[in-house]
Amino acid sequence: MDIVKGNMGWIEVVVGPMFSGKSEELIRRLRRAEIARQRVQIFKPIIDQRYSTNGIVSHSGLELASDLVRTAEDILVKVEPRTEVVGIDEGQFLGEGLLDVCTKMADLGKRVIVTGLDTDFMGRPFEPMPRLLAIAEEITKLLAICVRCGNPAVHTQRLVASEELIVVGAGGMYEARCRRCFEPQLATQKIEEGKKAAAAHS
Ligand code: ADP
Ligand code: ZN
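All of these numbers come straight from a predicted model, not from anything done at the bench. (Residues numbered from 1 in each chain as written. Chains lettered and ligands numbered in written order. Predicted model: local features only at pLDDT ≥ 70, side-chain atom pairs only at ≥ 80, totals over all residues. Heavy atoms only, no water.)

Colleague: I keep staring at the site of ligand 1 and nothing clicks. Help me out?
Modeller: Around ligand 1 sit 15 residues, and of these K22, S23, E24, H59 and I145 come closest. A distance of 2.7 Å is found between an oxygen atom of ligand 1 and a backbone nitrogen or oxygen belonging to H59. In isolation ligand 1 has 580 Å² of accessible area, and contact with the protein removes 75% of it. Put simply, the parts of the chain that give the shell around ligand 1 at least two residues each are α1 (22-35) and β9 (144-145). Among the elements that make up the shell around ligand 1, the one with the highest residue count is α1 (three residues). In terms of residue class, the shell around ligand 1 is built from seven nonpolar, six polar and two charged. (Near = heavy atom within 4 Å. Polar contact = N/O pair within 3.5 Å; in protein donor to acceptor, adjacent residues only side chain to side chain. Areas by Shrake-Rupley, 256 points an atom, 1.4 Å probe, with all protein chains shown as cover. Helix = DSSP H or I, 4+ residues; strand = E, 2+ residues; numbered from the N terminus. Nonpolar A, V, L, I, M, F, W, Y, C, P; charged D, E, K, R; others polar.)

Listed below in structure tokens is the structure:
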């Protein structure tokens, strides 16, 4: 965002599938804000402990210290009045309250940067990110590379058998797929196959 006058706040959202570089992009923006000597606070949901207990970590190994929160409302409690830039990773795990919380902080004059998955393992909109996109000043959609064919990948393919919306994991549990190679029913099919195998054994 440029040509911002006074201390007006705003909301930036970065979305895309897993492995599209959302965390890398968030870390890049926050590092630049720190270089500009702005006061930065970084939050991520407690649910995502894929590589470390706290700290945003990208799949390529970049890391930035962060505060763990359970819900979006926790961010309002922890954010300090003098903070100028607020970074939030994995916004899809923070619930509907995220919209209000981001709006309040932007109204207070803060630059709020949120990343998250915009679609789930079935390719469906993953709330609250789609609604956050609607109220943001600036949005960025990133794509990964399809591991099957090398085309730009918009989807997060779940490789394990589960119909739960949230199954946290990275290595081996998910991969990036383009719209042609995406198999939304794969996780459900694996459950059926598991049941049939169990029935055959009994
Ligand atoms: P996200 O936060 O969107 O899950 P990250 O920022 O954590 O993404 O990781 C992006 C990095 O993941 C890339 O720079 C690359 O090193 C690595 N990577 C692994 N698999 C893929 C893939 N299929 N497509 C693109 N990048 C990938
Ligand atoms: Zn493909």
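We are not done yet, so read on.
Colleague: How should I be thinking about the pairing of strand β1 (residues 10-15) in this particular structure?
Modeller: One face of the sheet, then the other: side chains in a regular strand alternate in exactly this way. With respect to burial, β1 is a largely interior element, six of its six residues being buried. Neither face of β1 is exposed, since W10, E12 and V14 on one face and I11, V13 and V15 on the opposite face are all buried. When β1 meets strand β7 (residues 111-116), the two strands line up parallel, connected through six bridges. When the sheet's bridge partners are listed, W10 is paired in β7 with R111. Summarising the sheet, β1 and strand β8 (residues 138-141) pair through four bridges and their orientation is parallel. Bridge pairing in β8 places E12 opposite E138. (Buried < 20%, exposed > 50% of the residue type's maximum accessible area, 1.4 Å probe, protein only. Pairing = 2+ DSSP bridges.)

Colleague: What am I meant to see in the sheet that holds β8 here?
Modeller: Within a sheet, each strand pairs with its neighbour through backbone hydrogen bonds, oriented either parallel or antiparallel. Read from one edge to the other, the open sheet built from six strands follows the order β5-β2-β6-β7-β1-β8, with strand pairing classed as parallel. The open sheet terminates on both sides in strands that have one partner only, identified here as β5 (67-69) and β8. Each strand of the sheet is rotated relative to its neighbour by a mean of 20°, with strand direction disregarded. Relative to β7, strand β6 (residues 85-88) runs parallel, the two being bridged by four bridges. Counterpart to V85 in the pairing with β7 is R111. Strand contacts of α1: β1, β2 (40-45), β6, β7 and β8, with the helix running at about 160° to β7, the strand carrying the most contacts. (Axes fitted to C-alpha atoms, helices over the stretch in contact; angles between N-to-C directions. Contact = heavy atoms within 4.5 Å.)

Colleague: How should I be thinking about the pattern of salt bridges in this particular structure?
Modeller: Pairs may arise between side chains of opposite charge once their charged atoms sit close together. A full pass over the atoms with the stated rule returns 13 salt bridges. Put simply, D118 and K141 hold a salt bridge, and the shortest N to O gap is 2.8 Å. With D118 in the loop between β7 and α4 (129-135) and K141 in strand β8, this residue pair connects regions lying 23 residues apart in the sequence. Among the residues examined, D118 registers a relative accessible area of 7% and is labelled buried. Relative accessible area serves as the criterion here: at 46%, K141 is assigned to the partly exposed category. Between R177 and E175 there is a salt bridge; the shortest N-O distance is 2.8 Å. Looking at R177, the relative accessible area reads 1%, which means it is buried. Using a relative accessible area of 18% as the deciding quantity, one classes E175 as buried. By sharing partners, the salt bridges in this structure join E12, E25, R28, R29, R111 and E138 into a single network. (Salt bridge = Lys/Arg side-chain N within 4 Å of Asp/Glu carboxyl O.)

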